[in-house]
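# Topology and contacts: notes
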Amino acid sequence: MIRSVESQPPASAPVLAAYSYCEAVTGQQARNFAYGIRLLPTPKRRAMSALYAFSRRVDDIGDGTLPDDVKVARLEDTRELLTRIREGAVDEDDTDPVAVALAHAAGHFPIPLGGLDELIDGVQMDVRGETYETWDDLKVYCRCVAGAIGRLSLGVFGTAPGARGAERASEYADTLGLALQLTNILRDVREDAEGGRTYLPADDLAKFGCSDGFSGETAPEGSDFAGLVHFEVRRARALFAEGYRLLPMLDRRSGACVAAMAGIYRRLLDRIEHDPGAVLRGRVSLPGREKAYVAVRGLSGLDTRHVSRRTVRRRA
C-alpha cells in the first residue's frame, strides 16, 4: 500500500517561491492537468506541479528545434540533475526552481523518481525518430512517457487506508496513463505527422489503408480512416475501464483529481469517436465550462462510486 504524507512542516521561503514558479508553469502550459490538480490539498497540488514542471522541461527538449545531438546532450544533463535530486544534493537556495521544488516534494512524498528516467528514455525515442510496428511496441513508448507519470502521481496521491486491492494501484495508474496517451496520439495525429512523427502502429495503419500518413485535412484516398479511429478508440476505452479501477483506492480529493483529468480525456475521446475527421482539421478540445463540469463530477465522487459498484458486481 502506498501512503502519502498529509501534514507537513511549513516550507521555507525559497521552497515556496520554487513551488510558485512550478504552479505558474503548470497553469500556463497544462490546462487539462491544472483542472485536476486544483482539487488537491496544497501539499499534493504543489508536488504535482513540481512533477509537471520537470516533465515539461523534458518534453520541451524533445519537441524543440535544436539539432538532435544537442537534444540528446540536454536530456542527459536533465538526467544528471535528476540524479542530484535523488541523492539529496539540491539545496533550497539552488538557482533552479524546478529542481528545488521537486527535491522538496520527493523528500515529503514517496515519489518513484525512476519514472522520470523513463520519461527521458521515452523522449529519447522521439529524438531518434522511432516508429512502432505493433501496439505492443507502442505500449513501451506510452509506458515511458505516460504510464510513468501515472506511477509518479500515485506516489503523491497515496492509497486510502484499507483500500481493497491497493497492491495493484501502481498497475492501474500505469494503465490510465496509457489511456490518456493513446487519446493524445489520436488527437494530435495530424500535428505529429506535420512534425514528421507517426505513433499509431504500422500494422493498424496498414489494416485500414492509412500507411501513407496524414498530411492534410482529409484522409488518404481509399482509406478507412474512420475505421482506424474507431478501432483505436475502442482500445483506449478498454484502457480507461481498467485504469479507472484505481479510483476507489484513492482518498476523496486525490480520486477527484484523477477523475477530473481522466474525464476530460474521455470526453475528448467521445468527440473524436463522433467525428473522426475532426483530428485532421485541427486540434479537438473541450470548452472551459465542460472541463469545469468534469471537475465537479470528479469532486462529487460519481465516477468512483460507479467503478466501486461495477467492481462489486464482478466479485458477486
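The residue numbers shown here count from 1 along each chain, following its written sequence. Restriction of local features to residues with pLDDT of at least 70 applies here, the model being predicted, together with a cutoff of 80 or more for giving and counting side-chain atom pairs; totals for whole chains, interfaces and linings are based on all residues. Hydrogen atoms and water are omitted, and side-chain values are computed over all heavy atoms in the structure.

## Quick look at the environment of Leu176
- Within the element layout of this structure, Leu176 appears in helix H8 (residues 169–187).
- Think of it in three bands: residues with accessible area under 20% of the maximum for their type are buried, residues over 50% are exposed, and the middle band is partly exposed, with areas taken using a 1.4 Å probe on protein chains only. Judged by its relative accessible area of 7%, Leu176 falls in the buried class.
- Sequence spacing of Leu176 and Arg245 is 69 residues, and the spatial spacing of their C-alpha atoms is 9.2 Å. Under the DSSP-based scheme used, a helix requires at least four consecutive residues in state H or I and a strand at least two consecutive residues in state E, with every element numbered from the N terminus.

## Here we look at the packing of helix H11 (residues 225–243) against helix H12 (residues 252–274)
- Here an axis means a line fitted to C-alpha atoms, over the contact stretch when the element is a helix, while the angle between two N-to-C directions is reported on a 0 to 180 degree scale. The contact between H11 and H12 brings their axes to 10 Å, and the two run at 160°. Taken together, the axes of H11 and H12 are roughly antiparallel relative to one another. Taken as a pair, H11 and H12 cross one another with a handedness that is left-handed. Here Val229, His230, Val233, Ala236, Arg237 and Phe240 of H11 come into contact with H12, specifically with Ala262, Tyr265, Arg266, Leu269, Asp270, Ile272 and Glu273. Angle categories are assigned with fixed cut-offs, so that under 35 degrees is roughly parallel, over 145 is roughly antiparallel, 65 to 115 is roughly perpendicular, and the rest are oblique. Each crossing is labelled by how the near helix is turned from the far one, with a counterclockwise turn of less than a right angle marking it left-handed and a clockwise turn marking it right-handed. Whether two residues are in contact is decided by their heavy atoms, any of which lying within 4.5 Å being enough.

## Points about the pattern of salt bridges
- By definition, a salt bridge exists where a carboxyl oxygen of Asp or Glu is found within 4 Å of a side-chain nitrogen of Lys or Arg. Applying the stated criterion across every chain, the model contains 30 salt bridges.
- When the shortest N-O distance is used, the salt bridge between Arg86 and Asp117 registers 2.5 Å. With Arg86 in helix H4 (residues 68–86) and Asp117 in helix H6 (residues 114–128), this pair connects stretches of sequence that are 31 residues apart.
- Accessibility expressed as a relative area gives 39% for Arg86, which makes it partly exposed.
- With its nearest N and O atoms 2.7 Å apart, the salt bridge here joins Arg237 to Asp270. On the criterion of sequence distance, the pair formed by Arg237 in helix H11 and Asp270 in helix H12 is long-range, its members being 33 residues apart.

These values are about where atoms sit, not about what they do.
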